[in-house]
Amino acid sequence: MSLDLETARTIIAGARAHASEAGFKPMTVVVLDDGGHVVAVEREDGSSMKRFEIGFGKAHGALSLGMGSRSLMGRAEQQPYFIAAVTSAVGGALVPVPGGVLVRDGDGALLGAVGITGDTSDNDEAAAVAGIGAAGLTAQVD
């Protein structure tokens, strides 16, 4: 199974619905396949500039190191030189705060990642998890 456009759109719709119901600020949702390619992006009206780059960095960083961006934040706190070096190695596309979540199928196979930005990092992550769940897939935040 791959993370196709229809599935990406379902993830985005689920994430946006969760954010709207929870009263979050305008969100930008970026969905990447397992090769780091953009499958779909939506930026809600009122989102501030550079939100695509932040969402992409959350998702891309999660894929690059095989862990959710919440775990990347922990690594950044414990090993700041390592995260700085990896950020440079991946061309700057690594944002080590919650909101970048890996997407897995029912068998645990990696399908891609979702990066969300717009509200607090914890809320961004919650919206990503909700969107992934709406598509019947498994979210990996750690």
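Residues numbered from 1 in each chain as written. Predicted model: local features only at pLDDT ≥ 70, side-chain atom pairs only at ≥ 80, totals over all residues. Heavy atoms only, no water.

The name that an unreviewed UniProt entry assigns to the chain is Heme-binding protein, with the source organism given as Nocardioides koreensis.

K.L.:
Can you help me understand the pattern of salt bridges in this one?
P.N.:
It is possible for side chains of opposite charge to pair when their charged atoms get near one another. One pass over the structure, following the stated rule, counts six salt bridges. A salt bridge links E44 to R16, with the nearest nitrogen and oxygen atoms 2.7 Å apart. With E44 in the loop between β2 (38–43) and α2 (51–65) and R16 in helix α1 (residues 5–22), the pair connects residues that are 28 residues apart, well separated along the chain. The exposure class assigned to R16 is partly exposed, which follows from its relative accessible area of 32%. One network of salt bridges, in which partners are shared, links R16, E42 and E44. (Salt bridge = Lys/Arg side-chain N within 4 Å of Asp/Glu carboxyl O. Helix = DSSP H or I, 4+ residues; strand = E, 2+ residues; numbered from the N terminus. Buried < 20%, exposed > 50% of the residue type's maximum accessible area, 1.4 Å probe, protein only.)

K.L.:
What is the right way to look at the pairing of strand β3 (residues 100–104) in this model?
P.N.:
Look at any regular strand and the pattern is simple: side chains alternate between the two faces of the sheet. For β3, the buried fraction is high: four of the five residues fall into the buried class. Where β3 and strand β4 (residues 110–117) come together, five bridges link them in antiparallel fashion. Directly across from L102, in β4, lies its bridge partner A113. When β3 meets strand β5 (residues 138–140), the two strands line up antiparallel, connected through three bridges. Directly across from V103, in β5, lies its bridge partner A139. (Pairing = 2+ DSSP bridges.)

K.L.:
Is there a simple way to explain helix α5 (residues 121–134) in this structure?
P.N.:
Side chains of residues three or four places apart in an α-helix project in the same direction, reflecting 3.6 residues per turn. For α5, with 14 residues, the first-to-last C-alpha span of 20 Å sits near the 20 Å given by 1.5 Å per residue. Where α5 is concerned, the buried positions are D124, E125, A127, A128, G131 and I132. Each buried residue of α5 lies within a common arc of 160° when the element is viewed along its axis, so the set occupies one face. Those residues of α5 that are buried are in contact with α1, α2, α3 (69–78), β3, β4 and β5. (Expected span 1.5 Å × (residues − 1). Arc of directions from axis to C-beta. Contact = heavy atoms within 4.5 Å.)

K.L.:
Can you help me understand the nonpolar core in this one?
P.N.:
Nonpolar side chains tend to gather and get buried jointly when the protein is soluble and globular. In this structure, V31, V114 and I116 are the most contacted members of the largest nonpolar core, which totals 20 residues. Going through the elements one at a time, α1, β1 (28–33), β3, β4 and α5 are the ones with two or more residues in this core. Here this core takes five residues from α1, the largest share from any one element. Not counting residues up to four positions away in its chain, the partners in contact with I116 are A15, M27, T28, V29, G55, K58, G99, D124, A127 and A128. (Core = buried A, V, L, I, M, F, W, Y, C linked by side-chain atoms within 4.5 Å.)

K.L.:
What should I look at first to understand the environment of A59 in this one?
P.N.:
Note that A59 resides in helix α2. C-alpha of A59 to C-alpha of M73: the two residues are 14 residues apart in sequence and 13 Å apart in space. Excluding anything up to four places from it in sequence, A59 contacts V30, L32, G100, A113, V114 and G115.

K.L.:
What's the story with unusual backbone geometry in this structure? I'm lost.
P.N.:
Where the residue is not glycine, phi is negative for most of them; where a peptide bond is considered, it is trans in most cases. Notably, K50 is not glycine yet its phi reads approximately 70°, a positive angle. Mapped onto the elements, K50 comes out in the loop between β2 and α2.

K.L.:
What's the story with the sheet that holds β5 in this structure? I'm lost.
P.N.:
Strand order in this open sheet of five strands is β2-β1-β4-β3-β5, and the pairing throughout is antiparallel. Each edge of the open sheet is held by one strand with a lone partner, namely β2 and β5. Adjacent strand axes in the sheet meet at a mean angle of 20°, parallel and antiparallel pairs treated alike. Strands β1, β2 and β4 of the sheet are contacted by α1, whose axis makes an angle of about 30° with β2. The strands touched by α2 within the sheet are β1, β2, β3 and β4, with β4 carrying the most contacts at an inclination of about 145°. (Axes fitted to C-alpha atoms, helices over the stretch in contact; angles between N-to-C directions.)

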